[in-house]
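# Close look at the chain arrangement
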Amino acid sequence: MFNNAYYPIELHSHTYHSDGDFTPEDLIELASEFGYRGIFITDHNTSSAFYELKNKDLKKFPIKIYQGIEWTTFHGHILILGNEKMHDFTKLNIYNLDACIKNLRAEEKNIAIGIAHPYAIGNPICTGCHFEYKVKDYSIFDYLEICNSENPMDVYYNNLAYERWTKLINKGIKFAALSGRDWHKLSDKKSYVAISMIKADQDLSMTSVIEAIKNSHTYISLGPILKFDFGNADLGDEIKKEAILFKFLLEEGKFSNKDNFSIKNFELLFINNEIVKIREKIFYNEVVTFDFVPEKGTLRFEIRGDLNGVKDKKIVITSPIYVK
Amino acid sequence: MILLNDTLQLDNKNTLSHKKYIIKLARAYDQLLIKMCYSPAYVDQEKSDILIKSCIDKYVPDFYKNSFENINNFKVENLITTSLKYENEYLGAYHNKTSNQEIIISPKMSSLGYISHDVLAGDYALTLSFHSVNSEITLKLLVEAKDVQ
């Protein structure tokens, strides 16, 4: 039975309540037209756009709207998703991030916290965009934004974030694979984006979305929908080292940008402790199965393919399964 | 009632720091008005070119430096933002490169970046955040409590 409970949800967006071009309503309309089922509004150091929409009744909008905020500090940008209050960013300094996040989690029980564009260029070209905090324990975060902005696979700093992410998960830190469009303005017509696919209940409740991020029930896709069946296991789960039948089905996504760029010639990769153990062609709408015994550590999956004519680009990246 | 009227001379020693003002309101008002303007908004081209080169050297690994070949006419902007707290409750911020800002806090409608909030008696903390100060900047700040009749 394939898992169909993963939904496209945008985690990083801005309005004219900070430095975005959109009114909150325009942003929601665009997100709905694109094919997202939900969106976190994460303006810089404020959630006032969310409150503006909340005052107009969130139920009248066609997609789920979630509260978020991007702490936009001098030494890094930190995405806080699911906050119920706004929180002062000015208390942060380069050494106290662990303590600030601990205090934040004590105040807000149902939040997910991620590092935005950790390797983007920093001050003064992009103020605070490069993550420079001295962090004692990376497990205070739930995710690293490994694909930021539009055309993310062509952005150099996302390669660095991806490399960092693989190192962190292989140290045993539970970090979801997630992306952020960092949506400030109308997209270029030819652009592609990385879409965060997040497991949620049918209502796409905030609680279920946050819980899924915290448990790494997520994957990133440039458009195709990856369905899978690992028996009782899911992405982000801990499993025993034993033979498992891994079943996959790749379907074409229906996002509004799908004709703007070209993806084809897909291969499915099993990556066990950063070693590619299986690499097989995969086609839309054909089920593939593999009986595989993973080694202890991390097991994750990627779909690679030709992206705008460039071979071996990442099309889908899943969060890992942790093999104990 | 004017609560604060200040002029600051800033330079790159101020960059990446905050300046906090505590403002005490003895009684409730209809609205709080914050006016902040600074100049220049942009760093001059010569200085900007030096900053950009140094920024790329610091943050971009050699392998990727060619991504920045077309950055020639980019000008570094100065960026100063406001944020406000009332009795430790965070009311918002306006993180935008507009160098001339007029912010209103009121119960029915506040300016972009801020939540609507009663202007009650008590302590307000207004913070200026110097995200990028890379010129010799003059900043003017005025905070006023008003009754709208």
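An account of the accompanying structure is given in this report. (Residues numbered from 1 in each chain as written. Chains lettered and ligands numbered in written order. Predicted model: local features only at pLDDT ≥ 70, side-chain atom pairs only at ≥ 80, totals over all residues. Heavy atoms only, no water.)

## Brief notes about the overall build of chain B
Going by this rule: A helix here means a DSSP run of H or I that spans at least four residues, while a strand means a run of E at least two residues long, and both kinds are numbered starting from the N terminus. Burial classes: relative accessible area under 20% of the type maximum marks a residue as buried, over 50% as exposed, and values in between as partly exposed (1.4 Å probe, protein chains only). Any two residues having at least one pair of non-hydrogen atoms within 4.5 Å are treated as being in contact. Neither His nor the chain ends contribute to the count of charged residues, in which Lys and Arg are positive and Asp and Glu negative. Where a charge sits is defined by one atom per residue type, namely NZ (Lys), CZ (Arg), CG (Asp) or CD (Glu).
Counting its secondary structure elements, chain B contains one helix and eight strands. In sequence order, chain B lays out its α and β elements as β-β-β-α-β-β-β-β-β. Dimensions of chain B, computed from the C-alpha atoms along their principal axes, are close to 60 × 25 × 25 Å. Per-residue burial for chain B yields a buried fraction of 50% across its 149 residues. Summarising the internal contacts of chain B: among those between residues at least 6 apart in sequence, 77% fall at separations of at least 24. Here chain B contributes 16 positive and 18 negative side-chain charges, whose respective centroids are spaced 2 Å apart.

## So, the sheet that holds strand β2 (residues 17-25) of chain B
Residues and elements named next belong to chain B. For the record, the criterion: Should DSSP find at least two bridges between two strands, the strands are taken to pair. For helices, the axis comes from a line fit to the C-alpha atoms of the stretch in contact; other axes are also lines fit to C-alpha atoms, and the angle between any two N-to-C directions lies between 0 and 180 degrees.
Read across the open sheet, the four strands follow the order β2-β7-β4-β5; overall the sheet is antiparallel. The sheet terminates laterally at β2 and β5 (89-94), the two strands that pair on one side only. Here the average twist between neighbouring strands, direction ignored, is 20°. Of the strand pairs in this sheet, strand β4 (residues 79-86) and strand β7 (residues 122-132) are connected by eight bridges, and their pairing is antiparallel. The partner of T81 across the bridge, within β7, is S129.

## Describing the interface of chain A and chain B
Our working rule: A quick way to say it: buried area is the sum, across both parts, of accessible area lost when two parts are put together, with a 1.4 Å probe. The salt bridge definition used is simple: a Lys or Arg side-chain nitrogen within 4 Å of an Asp or Glu carboxyl oxygen.
The partner chain B presents 38 residues to the 27 residues of chain A that form the contact. When the buried area of chain A at its contact with chain B is split by residue, F74, I125 and Y156 of chain A rank highest and sum to 24% of it. For the pair chain A and chain B, the interface holds two salt bridges. Across the pair D88 of chain A and K85 of chain B runs a salt bridge whose closest N-O atoms are separated by 3.2 Å. Contributions of two or more residues to the side of chain A that touches chain B are made by α2 (48-54) and α4 (156-169) of chain A. Broken down by element, the residue count for the side of chain A that touches chain B peaks at three residues, all from α4 of chain A.

## Remarks on the state of the cysteines
All names here are of chain A. Heads up, the rule is: Disulfides are defined as cysteine sulfur pairs within 2.5 Å.
Counted under the stated rule, the structure contains one disulfide over all chains. The side chain of C126 participates in a disulfide bridge whose partner is C129; the two sulfur atoms lie 1.9 Å from each other. The chirality of the disulfide connecting C126 with C129 is left-handed, given an S-S dihedral of about -45°. The exposure class of C129 is buried, given its relative accessible area of 4%. Free cysteine: C100, not disulfide-bonded; nearest cysteine sulfur from C129 at 19 Å.

## Quick look at the packing of aromatic side chains
The test is simple: Here is the rule: rings of Phe, Tyr and Trp (six-membered ring for Trp) pair when centre to centre is within 6.5 Å. Planes less than 30 degrees apart are stacked, more than 60 are edge-to-face, and the remainder are tilted.
Applying the stated rule across the entire model yields 31 aromatic pairs over all chains. Aromatic side chains F131 of chain A and Y133 of chain A sit 5.5 Å apart centroid to centroid with 55° between the ring planes, which places their arrangement in the tilted category. With respect to class, F131 of chain A is no different from Y133 of chain A; both count as buried. The interplanar angle of 85° and the centroid separation of 5.0 Å between the aromatic rings of F63 of chain B and Y64 of chain B together place this pair among those described as edge-to-face.

## Thoughts on unusual backbone geometry
For the bond running from N123 of chain A to P124 of chain A, omega is -5°, close enough to zero to count as cis. Here P124 of chain A is to be found in the loop between β5 (112-115) and β6 (143-148). Put simply, S39 of chain B and P40 of chain B share a cis peptide bond, and its omega is 5°. Of note, P40 of chain B is situated in the loop between β3 (31-39) and α1 (45-59). The phi angle at N285 of chain A is positive, at roughly 65°, despite the residue not being glycine. Structurally, the position occupied by N285 of chain A is in the loop between β14 (275-281) and β15 (288-292). Despite not being glycine, N308 of chain A shows a phi value in the positive range, around 50°. The residue N308 of chain A is located in the loop between β16 (297-307) and β17 (310-318) in this model.

Coordinates in, geometry out; function isn't part of it.
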